[in-house]
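Structural features, examined
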Amino acid sequence: MKIGFIGLGNMGAPMARNLLKADHELTVFDVVQSNVDALVAHSSGKAKAAETPAAILKEGVEVVITMLPAAQHVKSVYLGNDGILSGNVDGVILIDSSTIDPMSAREVAKAAATKKALMLDAPVSGGTGGAEAGTLTFMVGGEEGLYAKMLPLLQAMGKNIVYCGAAGNGQVAKVANNMLLGISMIGTAEAMALGVSLGMDAKVLAGIINTSSGRCWSSDTYNPYPGVLENVPASREYTGGFGSDLMLKDLGLATEAAKLAKQPVPLGSLAQQVYQTFSLQGNGGLDFSAIIKLFTKK
């Protein structure tokens, strides 16, 4: 297929490379020109650059995929003067894989429908490692027939593709999941720090938790205590992985969406404040499991 791809950052660039591996032709755009140049240079002629998001449409693309940092960037790329919807998008399929609030996703989808474009929101889980390996999870919202049509394309970038329902529901699934992840990581960090402070060996404690009722992904797969698991950020000074500031962003999306829905999320709000404190201490670039530093002695 001829595909437009906008947003070639840490997630977007490897996703685009996997599309090239699947023999799709790409027209790409990013505000960082070096990101564009790098992808085009290593595409064996299968990718070319566009000067604006709207210019991508002049290349006869069938699908446009976006992977952007936040809702304001998504709105700018789709709704701005040189945005995608400023051009002729009649029949073009739009897939936004950014993580934004569900309300913004539905606003953009509604605007796309007025221009006779077809749109899916398809945020991802799996991090940069999953993006490189092509094993991302996609949570997809939009018309089910369109989802079925785009499934093979999404499978070029991901392993687990889940249909979540109407427009915006992909974002609903993402923010709900990540809110729970943030809460569970704080709980795991507190429990591990408590047990060790009371004289327990960290590995023994983790083994008990992971075969008992306290078991969760944050403990058995991504344990935050150093030395418990290999090949997790805790074993490499909390580098790599999913940054604390990214977790803070997702918790903010969850709490803002909850306000609009008048839905109480007391633990989600508390988790947001905990990560906000951690970020203000200069730790935003560390993996989110480094939150355990709040509960351990230096």
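Residues numbered from 1 in each chain as written. Predicted model: local features only at pLDDT ≥ 70, side-chain atom pairs only at ≥ 80, totals over all residues. Heavy atoms only, no water.

The chain is annotated in an unreviewed UniProt entry as 3-hydroxyisobutyrate dehydrogenase of Polynucleobacter asymbioticus. Comment text from UniProt for the chain, heading Pathway (unreviewed entry), reads "Amino-acid degradation; L-valine degradation." Taken from UniProt, the Sequence similarities (unreviewed entry) comment for the chain reads in full: "Belongs to the HIBADH-related family." (UniProt positions renumbered as here; feature names shortened; annotations may be inferred.)

Attention now goes to the overall build of the chain. Broken down by element type, the chain carries 11 helices and 9 strands. A compact globule built from 298 residues would reach a C-alpha radius of gyration of about 19 Å, and the chain, at 20 Å, matches this within 12%. Dimensions of the chain, computed from C-alpha atoms along their principal axes, come out at roughly 65 × 45 × 35 Å. Among the 298 residues that make up the chain, the fraction classed as buried is 50%. Counting only contacts in the chain whose residues sit at least 6 apart along the sequence, the fraction spanning at least 24 positions is 61%. Total accessible area on the chain is roughly 14,000 Å²; 55% of this is exposed by carbon and sulfur atoms. (Helix = DSSP H or I, 4+ residues; strand = E, 2+ residues; numbered from the N terminus. Rg over C-alpha atoms; globule rule 2.2 N^0.38 Å. Buried < 20%, exposed > 50% of the residue type's maximum accessible area, 1.4 Å probe, protein only. Contact = heavy atoms within 4.5 Å. Areas by Shrake-Rupley, 256 points an atom, 1.4 Å probe, with all protein chains shown as cover.)

The next subject is the UniProt feature "domain: 6-phosphogluconate dehydrogenase NADP-binding" (unreviewed entry) in the chain. In the numbering adopted here, UniProt assigns the feature "domain: 6-phosphogluconate dehydrogenase NADP-binding" (unreviewed entry) to residues 2-165. Across residues 2-165 one finds 37% helix and 25% strand; the C-alpha atoms that close the span lie 26 Å apart.

Right, let's get into the packing of helix α7 (residues 169-197) against helix α8 (residues 202-209). Packed helix pairs are specified by the crossing angle of their axes together with the interaxial distance, meaning the distance between the axes. At a minimum axis separation of 9 Å, α7 and α8 run at an interaxial angle of 130°. Comparing their axes, α8 and α7 come out oblique. Along this stretch, α7 crosses α8, giving a crossing that reads as right-handed. Of the residues in α8, those touching α7 at Ala191, Met192, Gly195 and Val196 are Ala202, Leu205, Ala206 and Ile209. (Axes fitted to C-alpha atoms, helices over the stretch in contact; angles between N-to-C directions. Parallel < 35°, antiparallel > 145°, perpendicular 65-115°, else oblique. Left-handed = near helix turned anticlockwise from the far one by under 90°.)

Take the side chain of Asn210 next. Mapping Asn210 onto the fold places it in the loop between α8 and α9 (217-220). Every residue in contact with Asn210, bar those within four places of it in the chain, is listed here: Arg215, Ser219 and Asp220.

Here we come to empty space enclosed by the protein. This model, assessed by the stated rule, comprises 1 cavity of 30 Å³ or more. Space inside the largest cavity adds up to approximately 40 Å³. Asp96, Ala105, Val108, Ala109, Met119, Leu120 and Asp121 together form the lining of the largest cavity. Looking at the lining of the largest cavity, the elements with two or more residues in it are α4 (102-114) and β6 (118-121). Looking at the lining of the largest cavity residue by residue, the class counts come to 5 nonpolar, no polar and 2 charged. (1 Å grid on protein atoms, 1.4 Å probe; cavity = no way out; pocket = protein on both sides within 12 Å on 5 of 7 lines; lining within 4 Å. Points joined across faces, edges and corners; volume = space filled by probe spheres on them. Nonpolar A, V, L, I, M, F, W, Y, C, P; charged D, E, K, R; others polar.)

Quick look at the UniProt feature "domain: 3-hydroxyisobutyrate dehydrogenase-like NAD-binding" (unreviewed entry) in the chain now. As annotated by UniProt and renumbered to match this structure, "domain: 3-hydroxyisobutyrate dehydrogenase-like NAD-binding" (unreviewed entry) occupies residues 168-294. The span residues 168-294 shows a helical share of 61% and a strand share of 0%, and its end C-alpha atoms are spaced 35 Å apart.

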